[in-house]
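Coordinate analysis (summary)
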Amino acid sequence: MTLNMGPQHPSTHGVLRFVIKADGEVMREAIPDVGYLHRSIEKIAEKVGYHGFMPYTDRVDYVCAMFTNQGWAMACEKLAAIEVPRRGEYCRLIAAEFNRLASHLLTVGLMGMDIGAMTPFLHALREREMINDLIEELCGARLTFNYMRIGGVAWDLPPGWREKALAYLDHLDPILDEFNALFSYNKICVQRLANVAAISAKEAIDYNLVGPNLRASGVKWDVRKDIPYSVYSDFDFEIPIGSGEWGTIGDAMDRYMMRIREMVQSSRILRQALTRMPEGPVLAKVVRNFRPPAGECQIRVESARGDQGWYVVSDGSSYPWRVRVRTGSFAAMGIIQKLSKGLMIADLVVLIASLDVIAPEIDR
Amino acid sequence: MFGANASHEWAVATAIVVACVLVLFVIAVPFASIVTWVERRVWARIQSRVGPNRVGPNGFLQWLADGIKHVCKEDVIPDEADAPLFKFAPYLVVLAFILPWAVMPFSSELILADLNIGILYMTAITALTVVGVLMAGWSSNNKWSLIGGIRSAAQIISYEIPAGLSIFPVVLMTGTLSMQGLIRAQAWEPYHWFIFANPFCFAAAIILFVSSLAENNRTPFDLPEAESELVAGFATEYSSMRYLFFFMAEWGNMFIAAAIIVTLYLGGWQVPHLGFNLAVINLLQFISFLVKVLVLVFVSMWIRGTLPRVRIDQMMSICWKYFVPLGFINMIGTAIWVAFFPHGNRLMAMVMFALGIAIVAAFGWRVAYFTRRSRMELYFHPTI
């Protein structure tokens, strides 16, 4: 039986399409069909200039737009050798880590929804709303932030924001425990996720998985630690890796728990960053008609969905000659066809949710 | 022609039938609808939302608004669908939900027909749902609907077996299949309820409850309409009133399943013997029955708000590997028990009652603990 799952299907997280060859409930193969959300964002960059492209980067991955902002800003800064003020870097890091929390909260909530539990989803979104409130105060937007600029960030933290953010972190840590008690350690949840679609470390590297999906397979690789950018080297945090304590290493449960553990670490980083915040300007002087010298650069940012690559070629004019974004979701889509053999249809939903693919990030 | 006595009996019989029909139409159909409102409010509280609160006081008339909306909507029948079957399926499902009310023992007098095979009739008729669901899944000519229908058939037929086996212990003890007979064999005191009669009955009652969740497609067994996997399962292609019928039947079946458990294991309408007149006693019995049923309905809503969904193979293994053997053990165990204690064992009933109280108390304490701990403490008033 050939089943057509998507592009309009409740659990495909946007517009994905899978052609499923199934034998009853068991799948022989699920072939992902990408391209339904292609908006030529990379081509747009060649037409709108360096400053003008910043709002478009929000749309590359709207769930964690701070990282795409940061990737683009860092690429431009590297091309033009601009030094970002230290407070600006801290603002970036704080905004990005809050965004990581928001993104992971959405992911774990969606995992709940995809295996049939509405309550974890709404509890996670309730917490995410507060982060949205915080970020809204910071930059005026709740989803497509456009917060960063080439050379720093647009606005400094508003007065009183630091205390609010710390209060939120105090609130979040027990909530994560509660979330685990409600959902993660639930017997049905563990049975649904453990041993489903396990990815070995070799497979994960071969298929070019990045971020939490790679670390869940036991590979300790995080751009924040291994190629430190921004001011990540100032902070003390750990890189959690998949332990396979519920089943095999790299199964859906590991990938799911990876997000919970990363939230704990993000909270740690944020506490340190908020207390150690230096004084000073947040935005370096950058000319309005920004023309980086001819050359090319490659930037790697650890986004919530993993190692995000920005490759920018400049020909010295005020428009980039070529921009290429390498995103984690696209790589994650590649492995679905291989993993789907022998899974059940219900497991495919779990697999998509555990790989945390975001449709706009796949196609751009 | 009739004597004074005979005409009096006729009047009583007519009054009972009229009262039952009234109860059926005043309670059965709106109940299924009102329960949607209750469920949405309960669910909203669990999920820290508000829920429907616009139509009527606290959104109480939401079900009416939804009903009117669904009736006004266009009834779409897909081109490729098998139209007669497609149209007929919802009625069959509703039929399977209306018919059991005939033997619903609301009180000692308020029952439409006290059939001597009441409980058997109940289980047989509720199983009719599967025909309607399978019909809907097949005739929609949609693969997702078909998977939903097949899943539903597999699920309901499998769980009929542990459910049936869990009815046997009580039938063995009472020797009757009549709903009123089953209730009359119990008393109002909880330790006279059959759930506490012996350990086997206790296990059987729990199996019956879980099986009834599965038969009604409730979480964690809501696979036939798993919205994240099968879009909407067998109801994918349905719209308008036909769609509403499926869900009315689903919510109504919750009541029926709870009523079966209350009748068999929780003392039915039994109330203390107070010297009121017949009407007052019947009213009290009706309230007692309704409260017990609503508690069980609430528990099933609670479960729906908490648990994820199991996978199809896990659901089948729960049924065939655990519930069916356990059901047989319960049946044989009760048979042996009845052979040794034909009139029940008072001591064991008391022990089981104490155990039941302890379980409920421990559970309540845990719930209270988590409710205290999980109170939301933080709210940012957005400044922009």
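In this text, all values refer to a predicted model and were calculated from it rather than measured experimentally.

Rules and cut-offs
- Residues numbered from 1 in each chain as written.
- Chains lettered and ligands numbered in written order.
- Predicted model: local features only at pLDDT ≥ 70, side-chain atom pairs only at ≥ 80, totals over all residues.
- Helix = DSSP H or I, 4+ residues; strand = E, 2+ residues; numbered from the N terminus.
- Rg over C-alpha atoms; globule rule 2.2 N^0.38 Å.
- Buried ≥ 20, exposed ≤ 12 C-beta atoms within 10 Å, placed from the backbone.
- Contact = placed C-beta atoms within 7 Å.
- Axes fitted to C-alpha atoms, helices over the stretch in contact; angles between N-to-C directions.
- Parallel < 35°, antiparallel > 145°, perpendicular 65-115°, else oblique.
- Left-handed = near helix turned anticlockwise from the far one by under 90°.
- Nonpolar A, V, L, I, M, F, W, Y, C, P; charged D, E, K, R; others polar.
- Expected span 1.5 Å × (residues − 1).
- Bend = angle between axes of the 7 residues up to and from the residue.
- pLDDT = per-residue confidence, 0-100.
- Core = buried A, V, L, I, M, F, W, Y, C linked by C-beta atoms within 7 Å.
- Pairing = 2+ DSSP bridges.

Another point: the overall build of chain B. Within chain B, the secondary structure is distributed over 13 helices and zero strands. Listing each helix as α and each strand as β along chain B from the N terminus yields α-α-α-α-α-α-α-α-α-α-α-α-α.

All right, on to the overall build of chain A then. Secondary structure summary: chain A contains 14 helices and eight strands in total. The C-alpha atoms of chain A give 20 Å as radius of gyration, which agrees with the globular expectation for 364 residues (21 Å, within 12%). In terms of overall dimensions, chain A has C-alpha extents of about 60 × 45 × 35 Å along its principal axes. For chain A, the proportion of its 364 residues judged to be buried stands at 51%. Here the analysis covers contacts within chain A between residues at least 6 apart in sequence; of these, 71% occur between residues at least 24 apart.

Time to look at the packing of helix H6 (residues 161-184) of chain A against helix H11 (residues 252-275) of chain A. Residue and element names in this part refer to chain A. As a packed pair, H6 and H11 sit with axes 10 Å apart at the nearest point and diverge in direction by 165°. By the angle between their directions, the pair H6 and H11 is classed as roughly antiparallel. The two elements H6 and H11 meet at a crossing, and its hand is left-handed. Facing H6, whose interface residues are Arg 162, Ala 165, Leu 166, Leu 169, Leu 172, Asp 173, Leu 176, Asn 180 and Ser 184, H11 presents Met 257, Ile 260, Met 263, Val 264, Ser 267, Leu 270, Arg 271 and Leu 274. Along the lines of polarity and charge, the residues of the contact of H6 with H11 split into eleven nonpolar, three polar and three charged.

Its 29 residues place the ends of helix H12 (residues 312-340) of chain B 41 Å apart at the C-alpha level, agreeing with the 42 Å of an ideal helix rising 1.5 Å per residue. By the largest-angle criterion, Phe 323 of chain B marks the main kink of H12 of chain B, which is about 35°, and a proline, Pro 325 of chain B, follows within four residues. Residues of H12 of chain B that are buried make contact with helix H13 (345-355) of chain A together with helix H6 (143-174) and helix H8 (199-215) of chain B.

Another point: H13 of chain A. Counting buried residues in H13 of chain A gives eleven out of eleven residues, a clear majority hidden from the surface. The set of residues buried in H13 of chain A consists of Ile 345, Ala 346, Asp 347, Leu 348, Val 349, Val 350, Leu 351, Ile 352, Ala 353, Ser 354 and Leu 355 of chain A.

Glancing now at the confidence of the model for chain A. Of all residues in chain A, 100% have pLDDT values of 70 or greater, and the mean over the chain is 86. Taken element by element, chain A is modelled with least confidence in strand S1 (residues 2-5) of chain A, mean pLDDT 82, and with most confidence in helix H4 (residues 86-114) of chain A, mean pLDDT 90.

This part covers the nonpolar core. Counting 206 residues, the largest nonpolar core has Leu 351 of chain A together with Val 93, Ala 258, Ile 261 and Tyr 265 of chain B as the members making the most contacts within it. The greatest single-element share of this core, amounting to 17 residues, is contributed by helix H10 (residues 240-265) of chain B.

Before going further, it helps to spend a moment on the sheet that holds S1 of chain A. Residue and element names in this part refer to chain A. Pairing is antiparallel across the open sheet formed by three strands, whose spatial order is S1-S2-S3. Unpaired on one side and paired on the other, S1 and strand S3 (26-33) mark the two borders of the sheet. When the angles between neighbouring strand axes are averaged without regard to direction, this sheet yields 20°. Taken together, the seven bridges between strand S2 (residues 17-23) and S3 define a ladder with antiparallel strand orientation. Following the sheet pairing, Val 19 is matched in S3 by Ile 31.

What follows deals with the interface of chain B and chain A. It is common to report an interface's size as the accessible area lost on association of the parts. The interface is formed by 31 residues belonging to chain B together with 37 residues belonging to chain A. When residues of the side of chain B that touches chain A are traced back to their parent elements, those giving at least two are helix H9 (227-230), helix H11 (278-306) and H12 of chain B. For the side of chain B that touches chain A, the class distribution of residues is twelve nonpolar, nine polar and ten charged.

Residue and element names in this part refer to chain B. Structurally, Glu 39 can be placed in helix H1 (residues 4-46). Residue Glu 39 is classed as partly exposed on the basis of its C-beta count, with 19 C-beta atoms lying within 10 Å. As for Glu 39 and Ala 197, which are separated by 158 residues in sequence, their C-alpha atoms are 32 Å apart.

Our next topic: the sheet that holds strand S6 (residues 295-303) of chain A. All names here are of chain A. Reading across the sheet, the three strands line up as S6-S7-S8 and stay open at both edges, with antiparallel pairing between neighbours. Strands at the two margins of the open sheet, each flanked by one partner only, are S6 and strand S8 (320-326). Along the sheet, successive strands turn relative to each other by an average axial angle of 15°, direction set aside. Strand direction decides the pairing type here: S6 and strand S7 (residues 306-314), joined by nine bridges, are antiparallel. Considered in S7, the bridge of Ser 303 is made with Gly 306.

So, about the confidence of the model for chain B. On average, residues of chain B score 83 in pLDDT, and 93% of them reach the 70 mark or higher. Interface scoring of the predicted complex returns ipTM 0.80; its pTM is 0.85.

With that settled, consider the pairing of S2 of chain A. All names here are of chain A. Two strands pair when backbone bridges link them, and S1 and S2 are joined in this way by four bridges, in the antiparallel orientation. Bridge pairing links Met 5 to Phe 18 in S2. In this structure, the hairpin formed by S2 and S3 is closed by a connection of two residues, where Gly 24 is found at a positive phi of approximately 70°.

Okay, the packing of H4 of chain A against H11 of chain A next. Residue and element names in this part refer to chain A. Running from N to C, H4 and H11 cross one another at 155°; their axes reach a closest spacing of 9 Å. In terms of orientation, H4 and H11 fall into the roughly antiparallel class. The interaxial crossing formed by H4 with H11 has left-handed handedness. Residues Tyr 90, Leu 93, Ile 94, Glu 97, Phe 98, Arg 100, Leu 101, His 104, Thr 107, Val 108 and Met 111 of H4 form the contact with H11, whose own contacting residues are Tyr 256, Arg 259, Ile 260, Glu 262, Met 263, Ser 266, Ile 269, Leu 270, Ala 273 and Leu 274. Here the residues of the contact of H4 with H11 sort into 14 nonpolar, three polar and four charged.

Residue and element names in this part refer to chain A. Residue Asn 195 is not a glycine yet carries a positive backbone phi of 65°. With respect to the helices and strands, the residue Asn 195 is situated in the loop between helix H7 (187-193) and helix H8 (201-206). Classification of Asn 195 by C-beta neighbours within 10 Å gives partly exposed; the count is 15.

All names here are of chain A. Inspection of the secondary structure assignment puts Asp 23 in strand S2. Note on Asp 23: 9 C-beta atoms within 10 Å, which makes it exposed. Along the backbone, Asp 23 and Ile 345 are 322 residues apart, and their C-alpha atoms lie at a distance of 10.0 Å.

Moving on, we come to the environment of Gly 218 of chain A. Residue and element names in this part refer to chain A. Counting through the fold element by element, Gly 218 comes out in the loop between helix H9 (211-216) and helix H10 (223-226). Judged by the 17 C-beta atoms lying within 10 Å of it, Gly 218 is partly exposed. Linking Gly 218 and Asp 33, residues 185 residues apart in sequence, is a C-alpha distance of 28 Å. The contacts of Gly 218, once residues within four sequence positions are left out, are Ala 201, Ile 241, Gly 242, Ile 249 and Gly 250.

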